[in-house]
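In case you want the letters, here they are:
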Amino acid sequence: MTEVKAELVGNVWKVKTEPGAQVAEEDELLILESMKMEIPVTAPRAGKVREVRVKEGEVVKEGQVLVVLE
Amino acid sequence: MTDDYESRVSDLEARRKKNLAMGGADKVARQREKGKLTVRERIDLLFDAGTFIELGLLAQNRDGSDTAPADGVVTGHGDIDGRQVWVIAYDFTVMAGSMGAVGEQFKAARVRELALRYRKPIVWLLDSAGARIQEASGSTFAGTGWLFADQVYMSGVIPQVAAMLGPCAAGTAYIPGLADFVPMVKNTSSMALGGARLVKAATGEEVSDHDMGGSQVHCYESGVGDNEVESDEECIATVRRFLSYLPSSNAGTPPFAETGDPADRAVEGLDKIVPVNPRAAYDVRKVIKAVFDRDSWFEVKPTWARNIVVGFARAGGHSVGVVANQPMQKGGALDSDAADKAARFIRMCDAFNVPLVYLMDVPGFLVGSQVEKEGIIRHGAKMLYATSEATVPKVTVIMRKAYGAGYYVMCGKGYQPDTIVAWPFAEISVMGPEGAVNIIFNKQVEASDNPEATRAEMVAKIRESINPYLAAGWAMIDDVIDPAETRRVIVRGLEQARDKKVDRPWRKHGNIPV
């Protein structure tokens, strides 16, 4: 299991994956919006998405778990 | 036993042979089992073939016994790409590479003395359990510790590299702490102020040396390590590469290397790398690779504070230090670690006469309660300090966003760049248009029947005023350039400033906000 965490405070702008999806390393999982930038959050490794813990529009804190890969 | 000329010489040969065998066959075999090279194999890789001159081969344990061949550290000098470099290389096969009195006070100290006397770089090959506790005798500890003071006197005079090829425990961890460059071998190297056993005794925490201070900690979280490498071979190749961008001392200029890449080459493909939409991310390392000499990019600290990218490259064959914002990470916004990383790199370049090129695309410093608690003002000030202080040639290219204090620390006009240019879609502003609208036109937006439309209108209006032509119209920047011209502008900008000399008021030293 790998927890993908937010690197900084921001809004979840777009969720680009869903539970059950197979992802490759570097695939975009979601896009945060912070500092007026669209900040892609990518998969640290290949795997299957177990959980997406946030919704579009939600404000997330630094270190908050966004997606869990299995 | 005969005692004549010949026997005396063969006795010498036997003594040499014994010490060249390091800690003996068993210990050498154990070193190899761990995936490590021996100290002598490492030195062979470090220096140009046949150039190593050893000093102190016949050193022994302080007690006069033959239990510590060379006293566990191999010292001397050799050539790297034809230039003299000194080495202090710990031998883990001899008493775990521990620092004995002879090895430290006479061998390593002599290297430090001579390297500084001749103004040549020092490379430490670290693979050592730390101080040799067996030799510790009470309060005579009072007479130890010169090595770190020496390192500080050498700082900014000669390049210092601490290559982490094994453990580096306790006080010796300050060797990398003070060095200019610290590559770490994955899995086998570690560093910590207190080794695992000491930590257990001191605090009760149970943790292995690797978990506490391996490259996964220092190259990713703490920032003490610079570049994580896979093997001893790669580590030593990385050391050689690092030194190729630096002069032997602050009295010299970095060696020129013909790269065969034309100085006036138009940069192709930037349109496919950099989105005009200022909100969209991209990997700035692709820009760096496209702009600078082919295959010349050498990134430093690539895995820590990734929202800023620093490293060496060549521009028309000349060594340069590159400082670039990385929109891929945290949107390129600067935070404490990024400022820290950039400030230290900028100061290293300035100390060793390596010109700086700033590639700017920065939405500003991160804001909020979290970063204030970290002391972002104090950390950000380091980068302001380093950029202001640097008197090497400086070229600034505003690629896209130049917002707020981000513009300052990335060598905006006020920081005396020798050349400062912008790309046509650059945005130079105290803050991004969206933020500005919220502050300046908040009332208008709130009073509007259609706030979103009004906001968009205001944003568009501000965006128009922050394009680079207003700044260029005031001649605050030297030019607006086609991105394809970037390489030529950098090479010529550096050429223009080659004879730069800056005199500032005398002072003992400034007071950088560490």
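Because the structure is predicted, anything quoted here is derived from the model rather than measured.

Calculation criteria
Residues numbered from 1 in each chain as written. Chains lettered and ligands numbered in written order. Predicted model: local features only at pLDDT ≥ 70, side-chain atom pairs only at ≥ 80, totals over all residues. Heavy atoms only, no water. Contact = heavy atoms within 4.5 Å. Buried area = accessible area lost by both parts, 1.4 Å probe. Salt bridge = Lys/Arg side-chain N within 4 Å of Asp/Glu carboxyl O. Phe/Tyr/Trp six-rings, centres within 6.5 Å; stacked < 30°, edge-to-face > 60°. Helix = DSSP H or I, 4+ residues; strand = E, 2+ residues; numbered from the N terminus. Buried < 20%, exposed > 50% of the residue type's maximum accessible area, 1.4 Å probe, protein only. Domains from an automatic or database assignment. Pairing = 2+ DSSP bridges. Expected span 1.5 Å × (residues − 1). Core = buried A, V, L, I, M, F, W, Y, C linked by side-chain atoms within 4.5 Å. Patch = residues over 30% accessible without salt bridge, like charges linked within 9 Å, V, L, I, M, F, W, Y side chains within 5 Å. Areas by Shrake-Rupley, 256 points an atom, 1.4 Å probe, with all protein chains shown as cover.

Let us now look at the interface of chain A and chain B. Each side of the interface is counted separately: chain A has 11 residues, and chain B has 21 residues. Taken together, the two surfaces of chain A and chain B that pack against each other cover about 1,400 Å², and 58% of this comes from carbon and sulfur. Three residues stand out in chain A for area buried against chain B, namely Met35, Lys36 and Met37 of chain A, and they jointly supply 47% of the buried area on that side. The tally of links from chain A across to chain B stands at three salt bridges.

In this section: the packing of aromatic side chains. All names here are of chain B. Under the definition given, this model contains 12 aromatic pairs over all chains. A ring pair is formed by Phe181 and Phe242, whose centres lie 4.2 Å apart and whose planes are at 5°; its orientation type is stacked. Within this pair, whereas Phe181 is found in the loop between helix H6 (174–178) and strand S6 (183–185), its partner Phe242 is found in helix H10 (residues 232–244), the two being separated by 61 residues in sequence. Residue classification places Phe242 among the buried residues on the basis of a relative accessible area of 0%.

All names here are of chain B. Looking at chain B, the domain boundaries give domain 1 (5–244), domain 2 (270–426 + 467–496) and domain 3 (431–465). Taking only C-alpha atoms, the centre of domain 1 and the centre of domain 2 are 36 Å apart. Across the boundary between the two partners, domain 1 contributes 21 residues, which contact 16 residues of domain 2. For the pair domain 1 and domain 2, the summed buried area comes to about 1,400 Å², and 52% of that belongs to carbon and sulfur atoms. When residues of domain 1 are sorted by the area they lose upon contact with domain 2, Asp226, Arg241 and Phe242 head the list and together hold 32% of the total. The interface formed by domain 1 and domain 2 includes one salt bridge.

Right, let's talk about the sheet that holds strand S1 (residues 2–5) of chain A for a bit. Residues and elements named next belong to chain A. A sheet is described by the order of its strands in space; here four strands give the open sequence S1-S8-S6-S3, paired in antiparallel fashion. In this open sheet, the two strands that pair with only one neighbour each are S1 and strand S3 (22–23). Sheet topology places S1 next to strand S8 (residues 65–69); four bridges connect them, and they run antiparallel. For Lys5, the partnering residue across the bridge sits in S8 and is Val65.

Bringing helix H1 (residues 5–20) of chain B into the picture now. For H1 of chain B, spanning 16 residues, the distance from its first C-alpha to its last is 23 Å, which sits close to the expected 22 Å at 1.5 Å a residue. Following H1 of chain B by one or two positions, Met22 of chain B adopts a phi angle in the positive range, close to 55°.

Residue and element names in this part refer to chain B. Counted according to the given criterion, the structure contains 41 salt bridges over all chains. A salt bridge links Asp71 to Arg132; the shortest N-O distance between them is 2.7 Å. Taken together, the residues span a long stretch of sequence, with Asp71 in the loop between strand S1 (53–55) and strand S2 (73–80) and Arg132 in the loop between strand S4 (122–128) and helix H5 (146–154) at a distance of 61 residues. Given the relative accessible area of 0%, Asp71 is considered buried. For Arg132, a relative accessible area of 3% corresponds to the buried category. Here Lys501 and Asp503 are joined by a salt bridge, their closest N and O atoms 3.4 Å apart. Judged by its relative accessible area of 68%, Lys501 is exposed. Counted as one network, the salt bridges with shared partners bring together Asp261, Arg265, Asp293, Arg294 and Arg487.

Let us look at the nonpolar core. All names here are of chain B. Counting 89 residues, the largest nonpolar core has Phe312, Val323 and Ile398 as the members making the most contacts within it. No other element matches helix H13 (residues 336–351), which puts eight residues into this core. When we break this core down by domain, the ones giving at least three residues each are domain 1 (5–244) and domain 2 (270–426 + 467–496). Val267, Tyr282, Trp297 and Met399 belong to the second largest nonpolar core, which has 30 residues in total.

Here we take up a nonpolar patch on the surface. A cluster of nonpolar side chains, namely Leu470, Trp474 and Met476 of chain B, defines an oily patch on the protein surface of about 370 Å² accessible area. Position of Trp474 of chain B among the secondary structure elements: in the loop between helix H20 (468–473) and strand S16 (479–480).

A word on the side chain of Glu38 of chain A. Its location among the elements puts Glu38 of chain A in strand S5 (residues 37–42). You can call Glu38 of chain A buried: its relative accessible area is 13%. If sequence neighbours within four positions are ignored, Glu38 of chain A has contacts with Trp13, Ile31 and Leu32 of chain A together with Asn277, Arg279, Ala280 and Ala281 of chain B.

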